[in-house]
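In case you want the letters, here they are:
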Amino acid sequence: MSNPAFTAKPVVVTIHTTDFTFTPSVTDANNYSNEVMPDDKVVPAYKYLTRSVDSKQKDELKGYLDTVPHLVMELYQKVSEAAKGDIKITLKN
C-alpha cells in the first residue's frame, strides 16, 4: 500500500453558505472512539469536529453546532466517512 488508508487531504463540507475545511487525523479518529460512551456520543463527535476544523473557522462552526439540531452527528458522519477515503472493507467467510 503506497498511500495511507486514512486521507491526508482536507475534507471540505458546505454548511449553509460556508465551506468548512477539516483535516482529521488518525489521532482525532482514535480519540473519538475512545471518548464515546453508551450515553454520550454527541460530545465526542463535537470535539472531533472542532479539533479537526480549520482554526480560523472554529468559532463559526461552533455557532452552527450549538444552534442546529442534529447537525453534530450528521456532520461527523460526513467528515469521518470522507476522511476514510475510498477504502473498502469486505468480509469474506
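For the structure given in this document, a descriptive report is provided here. None of these values were measured; they are calculated from a predicted model.

Some thoughts on the packing of helix α3 (residues 58-65) against helix α4 (residues 71-83)
- Orientation of α3 relative to α4, taken along the N-to-C sense of each, is 125°, at an axis distance of 9 Å. Judged by the angle between their axes, α3 and α4 are oblique. For the pair formed by α3 and α4, the contact residues are Leu61, Tyr64 and Leu65 on the first element and Leu71, Val72 and Leu75 on the second.
- Split into classes, the residues belonging to the contact of α3 with α4 amount to 6 nonpolar, no polar and no charged.

Quick word on the nonpolar core
- Ranked by size, the top nonpolar core spans 19 residues in total, and within it Phe22, Leu49, Leu61, Leu75 and Val79 carry the most contacts.
- Among the elements of the structure, β1 (11-15), β2 (18-22), α2 (42-52), α3 and α4 are those that each provide at least two residues to this core.
- It is α4 that provides the largest number of residues to this core, a total of 6 residues.
- Leaving out residues up to four positions away in the same chain, Leu75 has contacts with Val13, Ile15, Phe22, Leu49, Leu61 and Leu65.

A short note on the pairing of β1
- Because side chains alternate across β1, one face comprises the buried residues Val11, Val13 and Ile15, and the other comprises Val12 and Thr14, none of which is buried.
- In terms of strand pairing, β1 meets β2 through 5 bridges, oriented antiparallel. The residue of β2 that forms the bridge with Ile15 is Thr18.
- As consecutive antiparallel partners, β1 and β2 are separated by 2 residues, and within that stretch His16 has a phi angle of approximately 60°, a positive value.

Quick word on the packing of helix α1 (residues 26-35) against α2
- Interaxial distance between α1 and α2 falls to 9 Å at its minimum, and their mutual angle equals 165°. Of the possible angle classes, the one that applies to α1 and α2 is roughly antiparallel. The element α1 and its partner α2 pack so that their crossing is right-handed. Residue-level inspection shows Asp28, Ala29, Asn31, Tyr32 and Glu35 of α1 in contact with α2, the latter providing Pro44, Ala45, Lys47, Tyr48, Arg51 and Ser52.
- Counted by class, the contact of α1 with α2 contains 5 nonpolar, 2 polar and 4 charged residues.

What about the environment of Val42?
- Summarising the element assignment, Val42 is placed in helix α2.
- For Val42, a relative accessible area of 42% gives the class partly exposed.
- Along the backbone, Val42 and His16 are 26 residues apart, and their C-alpha atoms lie at a distance of 21 Å.
- Not counting the four nearest positions on each side in its chain, Val42 is found in contact with Val72 and Met73.

Criteria and thresholds
- Residues numbered from 1 in each chain as written.
- Predicted model: local features only at pLDDT ≥ 70, side-chain atom pairs only at ≥ 80, totals over all residues.
- Heavy atoms only, no water.
- Axes fitted to C-alpha atoms, helices over the stretch in contact; angles between N-to-C directions.
- Helix = DSSP H or I, 4+ residues; strand = E, 2+ residues; numbered from the N terminus.
- Parallel < 35°, antiparallel > 145°, perpendicular 65-115°, else oblique.
- Contact = heavy atoms within 4.5 Å.
- Nonpolar A, V, L, I, M, F, W, Y, C, P; charged D, E, K, R; others polar.
- Core = buried A, V, L, I, M, F, W, Y, C linked by side-chain atoms within 4.5 Å.
- Buried < 20%, exposed > 50% of the residue type's maximum accessible area, 1.4 Å probe, protein only.
- Pairing = 2+ DSSP bridges.
- Left-handed = near helix turned anticlockwise from the far one by under 90°.

Nothing here speaks to function; it is all geometry.
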